[in-house]
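Residue-level listing of the chains:
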Amino acid sequence: MELSDEIVINAPKAKVYAALNDPAVLQQCIPGCEELMKHSDTELEALVVLKIGPVKAKFSGNVQLDTAGAPDMFSLTGQGNGGAAGHAKGGATVTLAENGPNETILRYEAKAMIGGKLAQLGSRLIQSTAQKLAAKFFQSFAEVVNQDAPV
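What this report covers is the structure whose coordinates are included nearby.

A few words on the sheet that holds strand β5 (residues 73–81). Taken together, seven strands build an open sheet; the order of strands is β1-β7-β6-β5-β4-β3-β2 and the sheet is antiparallel. Both edges of this open sheet fall to β1 (2–9) and β2 (33–38), since each of them pairs with a single strand only. Taken over all neighbouring pairs, the strand axes of this sheet differ in orientation by 20° on average, direction set aside. Of the pairings in the sheet, the one linking β5 to strand β6 (residues 87–98) comprises nine bridges and is antiparallel in character. If you follow T77 over to β6, its bridge partner there is G91. Seen against the sheet, helix α1 (residues 13–20) touches β1, β5, β6 and β7 (104–115) and runs at an angle of roughly 165° to β6. Sheet contacts for helix α3 (residues 123–147): β1, β3 (43–52) and β7; angle to β1, the most-contacted strand, approximately 20°.

Next up, the structure:
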């Protein structure tokens, strides 16, 4: 499954990048996130509860960040286990581009693979749920970052 989109955030690129690396901001924005622990600048651990169709699962997972191109670009890879519900793994590339002094365009491309009961739900349900979750995250993220933006 592949996802991509772009969103305009009313904040300078440095502020957007800093927020993307702030576990408190991420925990607030990730749908269903109960815990997000930062083990290092490149390692995160998350506990997320999601309902996908008839399947509700608690996923625990690890995320590795590659910040070699930061702050213009960075990538992440991760995997999560939802017990009997299944498992998921994937990654994303995020690019940030200035659009004037106080506006940033965030683009992302993500790929994910799922297995277990989740994989039996059907690709349309999985794809639409993934798109809704991604949209919800970035909408929440933009709102949180925009709260402190200059008026």
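All right, on to the environment of T95 then. Mapped onto the fold, T95 is located in strand β6. Placed ten residues apart in sequence, T95 and I105 show a C-alpha to C-alpha distance of 8.1 Å. Not counting chain neighbours up to four residues away, the residues in contact with T95 comprise D72, M73, I105, L106 and R107.

If you check which residues of α1 are buried, you get K13, V16, Y17, A19 and L20. When α1 is viewed along its axis, its buried side chains cluster within an angular range of 160° and face the same direction. In this fold, the buried residues of α1 make contact with β1, α2 (23–29), β5, β6, β7 and α3.

A few words on the packing of aromatic side chains. Counted according to the given criterion, the structure contains four aromatic pairs. Between F137 and F138, the aromatic rings sit 4.8 Å apart at their centres with planes inclined by 80°, giving edge-to-face as the arrangement. The same class applies to F137 and to F138, which are both buried. Geometrically, the ring pair formed by F137 and F141 is stacked, given 5.9 Å between the ring centres and 20° between the ring planes. Of this pair, F137 and F141 both sit in helix α3, separated by four residues, roughly a single helical turn.

Summarising the element assignment, S4 is placed in strand β1. In this structure the C-alpha to C-alpha distance between S4 and G61, which are 57 residues apart in sequence, comes to 22 Å. Not counting chain neighbours up to four residues away, the residues in contact with S4 comprise Y108 and E109.

Here the focus is α3. End to end, α3 covers 36 Å across 25 residues, agreeing with the expected 36 Å (1.5 Å per residue, within 8%). Packed against the buried residues of α3 are β1, α1, α2, β3 and β7.

In this structure, I9, V16, L20, L106, Y108 and F141 are the most contacted members of the largest nonpolar core, which totals 31 residues. Elements with a minimum of two residues in this core: β1, α1, α2, β2, β3, β6, β7 and α3. Sort the elements by how many residues they give to this core and α3 lands first, with eight residues. Residues in contact with V16, not counting those within four places in the same chain, are I9, A11, L96, T104, L106, F141 and V145.

Basis of the calculations
Residues numbered from 1 in each chain as written. Predicted model: local features only at pLDDT ≥ 70, side-chain atom pairs only at ≥ 80, totals over all residues. Heavy atoms only, no water. Pairing = 2+ DSSP bridges. Helix = DSSP H or I, 4+ residues; strand = E, 2+ residues; numbered from the N terminus. Axes fitted to C-alpha atoms, helices over the stretch in contact; angles between N-to-C directions. Contact = heavy atoms within 4.5 Å. Buried < 20%, exposed > 50% of the residue type's maximum accessible area, 1.4 Å probe, protein only. Arc of directions from axis to C-beta. Phe/Tyr/Trp six-rings, centres within 6.5 Å; stacked < 30°, edge-to-face > 60°. Expected span 1.5 Å × (residues − 1). Core = buried A, V, L, I, M, F, W, Y, C linked by side-chain atoms within 4.5 Å.

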